[in-house]
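What follows is the residue order along each chain.
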Amino acid sequence: LWGSQHPEIGGSLLAVSGTEFPGSETVEQTIANVFGGDRDAFEAAKPAAVMAANPGAYDGHTAVFTSGSDDSQFGPGAAANAQAAREAGFTVIVETVPGAGHVGPALDEGLALGVAALGPVLGLSAP
């Protein structure tokens, strides 16, 4: 979410086993507790909505999304955010960790894949 809200700071982002939006597991509770019951504010704060509301802000930036191949709960949200990022102008890289769920190897290997994909974009290289 933060990367989509602040493209002027760094521009590129890495989402490792990310959720589609904050509060995706507890929508009604999140709307009540974080957004004071304002469903429209909740919807507007979702990364896909933030990106759609800022056309051109992401051109030239890269977004890397990783998820485990067996993450049926959060994997579809990562795919949806990757598509929203592509539509918003990001260059999108999607990496899938075979045989992984949402945690453990999906995080470890996802981070390694994500850093490897994003490093060269940021001008970073291994020693």
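Cut-off values and rules
Residues numbered from 1 in each chain as written. Predicted model: local features only at pLDDT ≥ 70, side-chain atom pairs only at ≥ 80, totals over all residues. Heavy atoms only, no water. Pairing = 2+ DSSP bridges. Helix = DSSP H or I, 4+ residues; strand = E, 2+ residues; numbered from the N terminus. Axes fitted to C-alpha atoms, helices over the stretch in contact; angles between N-to-C directions. Contact = heavy atoms within 4.5 Å. Buried < 20%, exposed > 50% of the residue type's maximum accessible area, 1.4 Å probe, protein only. Phe/Tyr/Trp six-rings, centres within 6.5 Å; stacked < 30°, edge-to-face > 60°. Lys NZ or Arg CZ within 6 Å of the ring centre and 35° of its normal.

## What about the sheet that holds strand β1 (residues 13–16)?
Part 1 of the reasoning: Overall, parallel pairing links the three strands, which are arranged β1-β2-β3 in an open sheet. Here the strands that pair on one side only, and so sit at the sheet edges, are β1 and β3 (91–97). Taken over all neighbouring pairs, the strand axes of this sheet differ in orientation by 10° on average, direction set aside.
Part 2 of the reasoning: Two strands pair when backbone bridges link them, and strand β2 (residues 62–68) and β3 are joined in this way by seven bridges, in the parallel orientation. Pairing of Ser67 across the sheet is with Thr96, part of β3.
Part 3 of the reasoning: Each of β2 and β3 is contacted by helix α5 (residues 75–88), which is oriented at about 165° to β2, the strand it contacts most.

## Side note on the environment of Leu13
Part 1 of the reasoning: Within the fold, Leu13 resides in strand β1.
Part 2 of the reasoning: Among the residues examined, Leu13 registers a relative accessible area of 15% and is labelled buried.
Part 3 of the reasoning: Distance from Leu13 to Phe90, taken between C-alpha atoms, is 9.6 Å for residues 77 residues apart in sequence.

## Section: the packing of aromatic side chains
One pair of aromatic rings is described through two measures. These are the centre distance and the angle between the planes.
Part 1 of the reasoning: Here the structure, examined in full by the defined rule, presents three aromatic pairs.
Part 2 of the reasoning: With centroids separated by 5.6 Å and ring planes inclined at 85°, the aromatic side chains of Phe21 and Phe42 adopt a geometry described as edge-to-face. Residue Phe21 is located in the loop between β1 and α2 (27–34), and its partner Phe42 is located in helix α3 (residues 39–44); the two are separated by 21 residues in the primary sequence. Accessibility assignment for this pair places Phe21 and Phe42 in one class, buried.
Part 3 of the reasoning: Connected via pairs of aromatic rings, a cluster forms that spans Phe21, Phe35 and Phe42.
Part 4 of the reasoning: The cationic tip of Lys46 hangs over the ring face of Phe21; the distance from NZ or CZ to the ring centre is 4.2 Å.

These figures capture arrangement, not role.
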